[in-house]
Amino acid sequence: MTDTPIAPPVAAKREHSFTRHGITISDPYHWLKDPAYPVVEDKDVLAHIEAENAWFEARMAPHKPLVETIYRELRGRVKEDDSSVPQKDGEWIYWTGFDEGQEYRKWYRRPAAGGDEALILDENALAEGKDYFRLGAISVSRDGRLLAYSFDDNGSERFTARIKDLDTGELLPDVIPETLSGLVWVAGDTMLAYGKANEHWRVDNVRLHRLGTPVADDIEIYHEADEGFRVGAGLSAQEDWLVIGTGDNETSEVRLVRADDPTGEQILVRPRAKGVEYDVDLRDGVLYVHTNDDHVNFRLATARLDAPGDWTTLIACSDEFYLTGFELFKDFYVTEGRLAGLDQVQIRSYDDPAQITPIAFPEASYSAGLSNNPEYDVDTLRLDYESMVTPDSDYDYHLADARLELLKQQEIPSGYDASLYVTERLTIEARDGTMVPVSVVYRKDRPEKPGPLHLYAYGAYGYAVPPGFSTSRLSLLDRGMAFAIAHIRGGDDLGRNWYLQGKLEARCNTFTDFVDVAKGLIARGYTEAGRISASGGSAGGELMGVVVNTDPELWGAVVAHVPFVDVLNTMLDESLPLTPGEWPEWGNPIESAEAFATIRSYSPYDQVRHQAYPPMLVTAGLNDPRVTYWEPAKWVAKLREMKTDDNELLLKTNMGAGHGGKSGRFSSLYETAEEFAFILWQLGLAE
């Protein structure tokens, strides 16, 4: 039995340096990157990670009762025997369900014409005996006879695809390893189109697997030469075309090939042009193109198949309305977007462009959009809706009378009274005069004002954090904390320019927006310096790393999940899975001295300094291919060396998981309980 550690582990320093653009960088913790990765077998590396895990366990041990209390709260809000709202797709009605006590879903269907339900896939059976399990793609053939699915059982995001005969329940002998894509039925259900991950964990291809033939004989129908681009494929609205898309974070290109003849001639819609993004769908031989070629907020255009690159505007660009996407149906189409940061869903006519029916939603701040709509010929639309105080809700929108019908609202078995909570939408001025939206929720009877507050953000890749509902969050709100989401630049909450103002040379706007929101919340009396907890994951973990360097006095506790903190080293290493595709987001420090200087100026690992830091909890996944385990390990090692305070600094590495932490609905809740217990402990709310 291992003795309980009495001091945090101290990582050895081993001389390592490199020179780029005339600047020499010393990196004494470089050795924590196992050269055999993605296999991690170096004994010194594993010993250090395990020592950090032991220190985490030792420091959290006195707070186990609080962790268990919060875990019971979180689990008590989960309807254990829950199921999804059934949805018709062809001749079948499909849904998923959980059994009481089980971690994973079961997938069911029944004939639309009437008949018995059948279990078609049990994730629990697939996960049996495994520490980690994640279902990837799942796709039923058009004739309803075959089910293709893929799974990852170690967190590496390298999925294995299998095919099940739904008539007999037997697995076909076909096994497709190393997939990282959807599984698309083509050629009359005799072939699957998929993407295989290459040695750098990048999908640069579309391949065809013919059922019953060796995987070694699979046909590559598209290969991408640009190492920064990623490839994907899917079916058009009428399922008659295979749409092959390739692109990075700023440029895209699309090809079309008949789904019934996937090895046939491909149609290039328009050649790639740097900075131009577009995606397409087809209806009755007409192309619909969603593109930013004329304006950052995108337009919708049409084109003929015989002239696919000649685009005629259908919906013009707008400074106010951000067109995020569209979906085609037989008798109408739907556009989605945001206006002043709020989701919009609009029903549009093919025959009359001026005929627009917006779907009205009941609250001033909310998250809403199309949900599961697999059929082409429909007269209702399935929608998903929630707000900071309204649980996740499934609606059918009836087009005939513009009526929303509530089908299901998330049930909270332990009870939830929405009238006890209030949500607000604020705007707070950043240091450059930009007004940043902030969504806040708290209990109406919150005992302290100013009081403790948790601040969350992401701020990258144009991902807008929706002002949605969280049952987990109630464990903070019910202890007197407010919870705020900062809709900072780097996301696209207020349109595409909002995203562009937080990337590349403008990246630091993301970090200063977050700090300025915190200061603005203090100025408005919501909280006080030192009583703010903050959290973010991945690129949001990078955000955490920056703000503890720049403004450590603001934070009473910081949680950085799988944080992207060794930014400079990662962007200099083109052999890593994601690096080439990330250069349009962060910059290429290999080629550009300016990008090197910009990234170095904020890279959290490079900017750790001798100063006091707030209490911090950092998480990692040993098998994480997105933010590799050594980034948080190196960062924590350097923080231990440099920080001048006695505040807690804990690192927990999941030894059998990847970017998303533990799998399973209850196992993941336990990690949330640990995070919340750490926050409450550090803010003095752990009684």
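How each quantity is defined
Residue positions are given per chain, counting from 1 as you read along its sequence in written order. Two thresholds apply to this predicted model, a pLDDT of at least 70 for residue-level local features and 80 or more for giving and counting side-chain atom pairs, whereas whole-chain, interface and lining totals are computed over all residues. Hydrogens and waters are ignored; side-chain quantities use all the structure's heavy atoms. Secondary structure is summarised from DSSP: a helix means a run of H or I of at least four residues, a strand means a run of E of at least two, and numbering begins at the N terminus for each. Burial classes: relative accessible area under 20% of the type maximum marks a residue as buried, over 50% as exposed, and values in between as partly exposed (1.4 Å probe, protein chains only). For this count, His and the chain ends are skipped, Lys and Arg are scored as positive, and Asp and Glu as negative. Salt bridges are defined as contacts in which a side-chain nitrogen from Lys or Arg sits within 4 Å of a carboxyl oxygen from Asp or Glu. Contact definition: two residues touch when any of their heavy atoms are within 4.5 Å. Aromatic contacts are taken between Phe, Tyr and Trp rings whose centres are within 6.5 Å, Trp giving its six-membered ring; a plane angle under 30 degrees counts as stacked, one over 60 as edge-to-face, and the others as tilted. Nonpolar core, defined: a set of buried Ala, Val, Leu, Ile, Met, Phe, Trp, Tyr and Cys residues in which side-chain atoms within 4.5 Å join the residues together. Pairing between two strands is assigned when DSSP locates at least 2 bridges connecting them. To estimate how far a helix should reach, multiply one less than its number of residues by 1.5 Å. Think of a polar contact as two N or O atoms within 3.5 Å of one another; within protein, one of them needs to be a possible hydrogen donor and the other a possible acceptor, and neighboring residues in sequence only count if both atoms come from side chains.

Chemist: Give me the lowdown on the side chain of R162, citing residues and values where you can.
Modeler: Looking at the element boundaries, R162 is found in strand β9 (residues 159-165). At 7.2 Å, D174 is the nearest oppositely charged side chain to R162, a buried residue that forms no salt bridge. Once residues within four sequence positions are removed from consideration, R162 is found in contact with L147, A148, Y149, F151, L171, L172, P173, D174 and V175.

Chemist: Could you give me a rundown of the packing of aromatic side chains, with the residues and numbers involved?
Modeler: For the structure shown, the criterion picks out 27 aromatic pairs. With 6.3 Å between their ring centres and 85° between their planes, Y385 and Y395 make a pair best called edge-to-face. Note that Y385 is positioned in strand β28 (residues 380-386) and Y395 in strand β29 (residues 393-398), a separation of ten residues in sequence. Accessibility assignment for this pair places Y385 and Y395 in one class, buried.

Chemist: So what's going on with the nonpolar core? Residues and values would help.
Modeler: Residues L455, F514, L521, W555 and W635 are the most contacted members of the largest nonpolar core, which totals 113 residues. Among the elements that line this core, the one with the most residues is helix α12 (residues 665-682), at ten residues. For F514, the contacting residues outside a window of four places in its chain are L455, Y456, A457, A486, I488, A534, L543, M544, V547 and W555. The next biggest cluster of nonpolar side chains, apart from the first, holds 17 residues, and it includes F332, I347, I359 and Y395.

Chemist: Tell me about the pairing of strand β6 (residues 118-122), and name the residues and values.
Modeler: Pairing analysis gives four bridges linking strand β5 (residues 106-111) to β6, with the strands arranged antiparallel. From the neighbouring strand, R109 faces β6, where its bridge partner is A118. Linkage of β5 to β6, two consecutive antiparallel strands, is achieved through a turn of six residues, within which G114 is found at a positive phi near 115°.

Chemist: Can you tell me about helix α1 (residues 43-60), naming the residues and giving the values?
Modeler: The end-to-end C-alpha distance of α1, which contains 18 residues, comes to 26 Å, matching closely the 26 Å that a straight helix rising 1.5 Å per residue would cover. What α1 keeps buried is the set V45, L46, H48, I49, E52, N53, W55, F56, A58 and M60. Those residues of α1 hidden inside the fold are in contact with α2 (64-76), β37 (616-621), α11 (630-642), β38 (649-654) and α12. Near the N-terminus of α1, the side chain that reaches the backbone nitrogen of D44, with its oxygen 2.9 Å away, is that of D42.

Chemist: Before we move on, can you summarise unusual backbone geometry with the specific residues and values?
Modeler: Residue Y37 is joined to P38 through a cis peptide bond whose omega torsion reads 20°. Here P38 shows up in the loop between β2 (23-26) and α1. Omega for the peptide link from K449 to P450 comes to 0°, which places this bond in the cis form. Residue placement: P450 occurs in the loop between β32 (435-443) and β33 (453-456).

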